[in-house]
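Structural features, examined
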Amino acid sequence: MRFGLHLPNFGAFGSAEVLADLAVLAEGAGWDGLFLWDHLLFCELDRNDHVDPWIALTAIAAETSTLRIGTLVTPLARRRPWELARQTVSLQNFSKGRLVLGVGLGDPTEWDFRHFGDPTDPRIRAEQLDEGLQVLEGLWSGEQFAFDGAHYRLEPVTFLPAPVAPIPVWVGGAWPHRRPFRRAARYQGVVPFGGAAAGRQELQDVVDYVRAHRSSDEAFDVVVSGRSEHDADSADRIAGFQDIGTWWLEDISPLRFGVDWPALADPWDTAALADRIAAGPVVP
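Presented here is an overview of the structure given in this document. (Residues numbered from 1 in each chain as written. Predicted model: local features only at pLDDT ≥ 70, side-chain atom pairs only at ≥ 80, totals over all residues. Heavy atoms only, no water.)

**Examining empty space enclosed by the protein**
- Tallied over the full model, the rule gives 1 cavity of 30 Å³ or more.
- In this model, the largest cavity occupies a volume close to 30 Å³.
- Together, Pro192, Phe193, Gly195, Ala198, Glu202, Leu203 and Val206 line the largest cavity.
- The element best represented in the lining of the largest cavity is helix H7 (residues 200-213), accounting for 3 residues.
- Partitioning the lining of the largest cavity into residue classes produces 5 nonpolar, 1 polar and 1 charged. (1 Å grid on protein atoms, 1.4 Å probe; cavity = no way out; pocket = protein on both sides within 12 Å on 5 of 7 lines; lining within 4 Å. Points joined across faces, edges and corners; volume = space filled by probe spheres on them. Helix = DSSP H or I, 4+ residues; strand = E, 2+ residues; numbered from the N terminus. Nonpolar A, V, L, I, M, F, W, Y, C, P; charged D, E, K, R; others polar.)

Printed below as a string of structure tokens:
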């Protein structure tokens, strides 16, 4: 099992410079990855600073050398897939192959979609997600590619350069909805929302379902998210997921430290956030 951090892209973390400094701290403390939320606005009362995750991840890549980096999750339906293809390949090559792209429908839809006139219907967004992933794969190939779908159309085009290494795609979803996990089975990883709090049995059900729908025996990542401290209880809890999870993602968010949610009116306890990162992962 590898250990990473899962951080918002707003509030105390709404700065590329701050996130790059925390990434250096994380790499030195033994974390294996750092993954950012991807929001334009998080809620109606949101008055926080936000940073574009791709700018922040580029800053992080420039200051680190071993951390896996990426988004969890990017709501692909509100991004032009050809622009995202260019961004992801550029970052993959700049980081020397350390990028993971997490994708999902996106939530909440009110402030990431409706405020900007984008569709909120989950069926439409799911169609856009599936088509967008096909477009990404085609453009990532470095070969001539064309596409004619219900939502996206591309004339024959070749995107260069190709990525220096394949870009793994992790797909998020909420069990017991089945479609996100059939989608995940086609890619390189799954991120079940709810994480460790949902319990071992639910995670096992997800893994069994995904495996039943996979047509490849290539390595596949299963992401478990939660909160831990350096104590025996946390070590035992993480150990209970080691045989089915390949990543533990530590929740480093304002909610963990008592910020008024969703108003986010209270100051973020940045010292506590940094202290937890500096303490490193809880390795059973």
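**What about the sheet that holds strand S2 (residues 33-36)?**
- Pairing within the closed barrel is parallel, and its 8 strands lie in the order S1-S2-S3-S4-S7-S8-S9-S10. Within the sheet, the average angular offset between the axes of one strand and its neighbour, ignoring direction, is 25 degrees.
- Taken together, the 4 bridges between strand S1 (residues 2-7) and S2 define a ladder with parallel strand orientation. Residue pairing for S2: leucine 7 is matched across the bridge by leucine 36.
- Helix-sheet contacts for helix H2 (residues 53-63) involve S2, strand S3 (68-75) and strand S4 (99-104), and the interaxial angle to S3 is about 175 degrees. (Pairing = 2+ DSSP bridges. Axes fitted to C-alpha atoms, helices over the stretch in contact; angles between N-to-C directions. Contact = heavy atoms within 4.5 Å.)

**Describing the pattern of salt bridges**
- Summed over the entire model, instances satisfying the criterion amount to 9 salt bridges.
- Close ionic contact of arginine 78 with aspartate 38 constitutes a salt bridge, the shortest N to O distance being 3.0 Å. Of this pair, arginine 78 sits in the loop between S3 and helix H3 (81-94) while aspartate 38 sits in the loop between S2 and H2, and the two are 40 residues apart along the sequence. The pair formed by arginine 78 and aspartate 38 is uniform in burial state, with each residue classed as buried.
- Salt bridges sharing common partners tie together Asp130, Arg179, Arg183 and Arg186. (Salt bridge = Lys/Arg side-chain N within 4 Å of Asp/Glu carboxyl O. Buried < 20%, exposed > 50% of the residue type's maximum accessible area, 1.4 Å probe, protein only.)

**Considering helix H1 (residues 16-28)**
- Here H1 spans 18 Å end to end across 13 residues, near enough to the 18 Å set by a 1.5 Å rise per residue.
- Along H1, the residues classified as buried are Ala16, Leu19, Ala20, Leu22, Ala23 and Ala26. One face of H1 carries all of its buried residues, which in axial projection span an arc of 165 degrees. Exposed side of H1, more than 90 degrees from the buried face: Glu17, Asp21 and Gly28 are the residues found there.
- Tucked inside the fold, the buried residues of H1 contact S1, S2, H2 and helix H9 (270-279).
- Here H1 starts with a cap whose side-chain oxygen sits 3.3 Å from the backbone nitrogen of glutamate 17, and that cap is serine 15. (Expected span 1.5 Å × (residues − 1). Arc of directions from axis to C-beta. Polar contact = N/O pair within 3.5 Å; in protein donor to acceptor, adjacent residues only side chain to side chain.)

**Details of the packing of aromatic side chains**
- What the rule picks out here adds up to 8 aromatic pairs.
- Considering the side-chain rings of phenylalanine 35 and tryptophan 170, the 5.3 Å spacing of their centres and the 35 degrees angle between planes classify their relative orientation as tilted. Here phenylalanine 35 is found in strand S2, whereas its partner tryptophan 170 is found in strand S7 (residues 169-173), with 135 residues between them in sequence.
- The class for phenylalanine 35 is buried, based on a relative accessible area of 0%.
- For tryptophan 170, a relative accessible area of 1% puts it in the buried group.
- Here the aromatic residues Phe35, Trp170 and Trp247 are joined through ring pairs into a cluster of three or more. (Phe/Tyr/Trp six-rings, centres within 6.5 Å; stacked < 30°, edge-to-face > 60°.)

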